[in-house]
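Chain and residue survey
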Amino acid sequence: MDDKQPIHLVIEGSRITDIPSFYAEINRVFMADEDWKLGESLDALDDLLYGGYGAAPGGGRVVIEWRDMELSRMALGVEATRDWLMAKLDQPERFNGKTITAQLEALELGEGQSYFDIVMEVFAGHARISLNPLRSAPHLHPQS
(Lines give C-alpha, C1' and ligand atoms only; values in the text may rest on other atoms or scores of the structure.)
Protein backbone atom coordinates (compact mmCIF):
# COMPACT_ATOMS: atom_id res chain seq x y z
CA MET A 1 0.00 0.00 0.00
CA ASP A 2 1.23 3.50 -0.80
CA ASP A 3 2.19 5.43 2.38
CA LYS A 4 2.08 8.80 0.63
CA GLN A 5 -0.68 11.25 1.35
CA PRO A 6 -3.49 10.99 -1.19
CA ILE A 7 -4.10 13.67 -3.78
CA HIS A 8 -7.34 15.54 -3.02
CA LEU A 9 -9.46 16.87 -5.89
CA VAL A 10 -12.91 18.47 -6.00
CA ILE A 11 -15.51 18.02 -8.75
CA GLU A 12 -18.18 20.73 -8.65
CA GLY A 13 -21.36 18.92 -9.62
CA SER A 14 -23.22 22.21 -10.04
CA ARG A 15 -21.05 22.89 -13.10
CA ILE A 16 -22.30 19.72 -14.79
CA THR A 17 -25.44 20.26 -16.86
CA ASP A 18 -24.85 17.75 -19.68
CA ILE A 19 -22.19 15.41 -21.05
CA PRO A 20 -19.98 18.14 -22.58
CA SER A 21 -19.99 20.11 -19.32
CA PHE A 22 -19.08 16.93 -17.43
CA TYR A 23 -15.91 16.66 -19.51
CA ALA A 24 -15.28 20.40 -19.12
CA GLU A 25 -15.36 19.87 -15.35
CA ILE A 26 -13.11 16.80 -15.57
CA ASN A 27 -10.67 18.87 -17.63
CA ARG A 28 -10.83 21.74 -15.11
CA VAL A 29 -10.08 19.40 -12.23
CA PHE A 30 -7.62 16.96 -13.77
CA MET A 31 -6.06 18.71 -16.79
CA ALA A 32 -5.50 22.33 -15.68
CA ASP A 33 -1.72 22.02 -15.93
CA GLU A 34 -1.71 20.10 -19.21
CA ASP A 35 -1.46 21.73 -22.63
CA TRP A 36 -4.19 19.47 -24.03
CA LYS A 37 -7.69 18.47 -22.95
CA LEU A 38 -9.39 15.14 -22.47
CA GLY A 39 -11.91 14.30 -25.18
CA GLU A 40 -15.56 13.47 -24.49
CA SER A 41 -15.05 9.74 -24.15
CA LEU A 42 -15.62 7.20 -21.42
CA ASP A 43 -12.47 5.38 -22.59
CA ALA A 44 -10.50 8.63 -22.23
CA LEU A 45 -11.89 9.09 -18.70
CA ASP A 46 -10.87 5.53 -17.84
CA ASP A 47 -7.36 6.15 -19.19
CA LEU A 48 -7.09 9.38 -17.18
CA LEU A 49 -7.98 7.58 -13.96
CA TYR A 50 -5.16 5.07 -14.49
CA GLY A 51 -2.75 7.98 -14.11
CA GLY A 52 0.34 9.01 -15.99
CA TYR A 53 -0.83 12.54 -16.73
CA GLY A 54 -3.06 15.23 -15.31
CA ALA A 55 -3.53 16.14 -11.66
CA ALA A 56 -3.40 12.52 -10.46
CA PRO A 57 -0.37 10.96 -12.18
CA GLY A 58 1.15 7.69 -11.11
CA GLY A 59 -0.40 5.00 -9.01
CA GLY A 60 -0.92 6.91 -5.76
CA ARG A 61 -4.20 7.27 -3.94
CA VAL A 62 -6.65 9.96 -5.04
CA VAL A 63 -9.58 11.24 -3.00
CA ILE A 64 -12.21 13.00 -5.06
CA GLU A 65 -14.88 15.05 -3.38
CA TRP A 66 -17.83 15.30 -5.75
CA ARG A 67 -19.96 18.19 -4.57
CA ASP A 68 -23.62 18.27 -5.56
CA MET A 69 -23.38 14.77 -7.00
CA GLU A 70 -27.17 14.55 -7.21
CA LEU A 71 -27.20 17.48 -9.63
CA SER A 72 -24.70 15.59 -11.78
CA ARG A 73 -26.79 12.41 -11.55
CA MET A 74 -29.79 14.31 -12.88
CA ALA A 75 -27.80 16.13 -15.58
CA LEU A 76 -26.32 12.84 -16.83
CA GLY A 77 -29.58 10.96 -16.49
CA VAL A 78 -32.04 9.47 -18.93
CA GLU A 79 -32.43 12.48 -21.24
CA ALA A 80 -28.68 13.06 -21.66
CA THR A 81 -28.13 9.33 -22.10
CA ARG A 82 -30.87 9.09 -24.73
CA ASP A 83 -29.31 11.97 -26.68
CA TRP A 84 -25.87 10.36 -26.43
CA LEU A 85 -27.14 7.01 -27.68
CA MET A 86 -29.18 8.60 -30.47
CA ALA A 87 -26.05 10.42 -31.67
CA LYS A 88 -24.31 7.03 -31.84
CA LEU A 89 -27.11 5.69 -34.05
CA ASP A 90 -26.25 8.48 -36.50
CA GLN A 91 -22.79 6.90 -36.90
CA PRO A 92 -23.47 3.32 -38.03
CA GLU A 93 -19.94 3.01 -39.37
CA ARG A 94 -18.60 3.41 -35.82
CA PHE A 95 -21.24 1.87 -33.57
CA ASN A 96 -23.32 -1.31 -33.56
CA GLY A 97 -26.90 -0.18 -34.17
CA LYS A 98 -28.46 -3.30 -32.62
CA THR A 99 -26.51 -2.81 -29.41
CA ILE A 100 -27.36 0.89 -29.22
CA THR A 101 -31.04 0.19 -29.94
CA ALA A 102 -31.11 -2.41 -27.15
CA GLN A 103 -29.51 0.11 -24.79
CA LEU A 104 -32.12 2.71 -25.74
CA GLU A 105 -34.96 0.25 -25.18
CA ALA A 106 -33.60 -0.73 -21.76
CA LEU A 107 -33.19 2.95 -20.86
CA GLU A 108 -36.80 3.70 -21.82
CA LEU A 109 -37.99 0.75 -19.70
CA GLY A 110 -36.08 2.11 -16.71
CA GLU A 111 -33.72 -0.88 -16.78
CA GLY A 112 -30.75 0.60 -18.63
CA GLN A 113 -27.77 2.50 -17.35
CA SER A 114 -27.66 6.25 -17.46
CA TYR A 115 -24.48 8.03 -18.51
CA PHE A 116 -24.00 8.84 -14.83
CA ASP A 117 -24.24 5.14 -13.93
CA ILE A 118 -21.58 4.34 -16.52
CA VAL A 119 -19.32 7.12 -15.20
CA MET A 120 -19.68 5.67 -11.69
CA GLU A 121 -18.63 2.25 -13.02
CA VAL A 122 -15.56 3.81 -14.62
CA PHE A 123 -14.56 5.43 -11.31
CA ALA A 124 -15.29 2.20 -9.40
CA GLY A 125 -12.89 0.34 -11.69
CA HIS A 126 -9.96 2.21 -10.14
CA ALA A 127 -9.10 1.02 -6.63
CA ARG A 128 -6.74 3.97 -6.09
CA ILE A 129 -9.64 6.42 -6.50
CA SER A 130 -11.95 7.18 -3.56
CA LEU A 131 -15.08 9.04 -4.54
CA ASN A 132 -16.84 11.00 -1.80
CA PRO A 133 -20.17 12.58 -2.68
CA LEU A 134 -20.78 15.84 -0.84
CA ARG A 135 -23.76 18.08 -0.67
CA SER A 136 -22.75 21.72 -0.88
CA ALA A 137 -23.55 23.97 2.04
CA PRO A 138 -26.70 26.03 1.60
CA HIS A 139 -26.03 29.37 -0.01
CA LEU A 140 -26.69 32.28 2.30
CA HIS A 141 -28.24 35.32 0.67
CA PRO A 142 -28.13 38.67 2.44
CA GLN A 143 -31.50 40.09 3.36
CA SER A 144 -32.60 43.07 1.24
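Everything discussed here concerns the structure shown above.
Here the structure is a predicted model, which is why all the values come from computation and not from measurement.

Digging into the overall build of the chain
A count of helical and extended segments in the chain gives six helices and three strands. From first element to last, N terminus to C terminus, the chain shows the α and β order β-α-α-β-α-α-α-α-β. Projected onto the principal axes, the alpha-carbon positions of the chain cover approximately 50 × 45 × 30 Å. Each of the 144 residues in the chain was classed as buried or not, and the buried ones make up 37%. If you take every contact in the chain between residues at least 6 apart in sequence, the share linking residues at least 24 apart comes to 65%. Element-wise, carbon and sulfur atoms account for 52% of the exposed surface of the chain, whose accessible area totals about 9,000 Å². The positive charge centre, built from 13 side chains, and the negative charge centre, built from 24, are 4 Å apart in the chain.

What about the nonpolar core?
One finds F22, I26, F30, L45, W66 and F123 to be the most contacted residues of the largest nonpolar core, which totals 31 residues. Going through the elements one at a time, strand 1 (7-12), helix 1 (19-30), helix 2 (42-50), strand 2 (62-67), helix 3 (69-75) and helix 6 (115-124) are the ones with two or more residues in this core. In this structure F123 touches I11, I26, L45, L49, I64, W66, I129 and L131, once residues within four positions along its chain are discounted.

So, how was this worked out
- Residues numbered from 1 in each chain as written.
- Predicted model: local features only at pLDDT ≥ 70, side-chain atom pairs only at ≥ 80, totals over all residues.
- Heavy atoms only, no water.
- Helix = DSSP H or I, 4+ residues; strand = E, 2+ residues; numbered from the N terminus.
- Buried < 20%, exposed > 50% of the residue type's maximum accessible area, 1.4 Å probe, protein only.
- Contact = heavy atoms within 4.5 Å.
- Areas by Shrake-Rupley, 256 points an atom, 1.4 Å probe, with all protein chains shown as cover.
- Lys, Arg positive; Asp, Glu negative; His and termini not counted.
- Charge placed at Lys NZ, Arg CZ, Asp CG, Glu CD.
- Core = buried A, V, L, I, M, F, W, Y, C linked by side-chain atoms within 4.5 Å.

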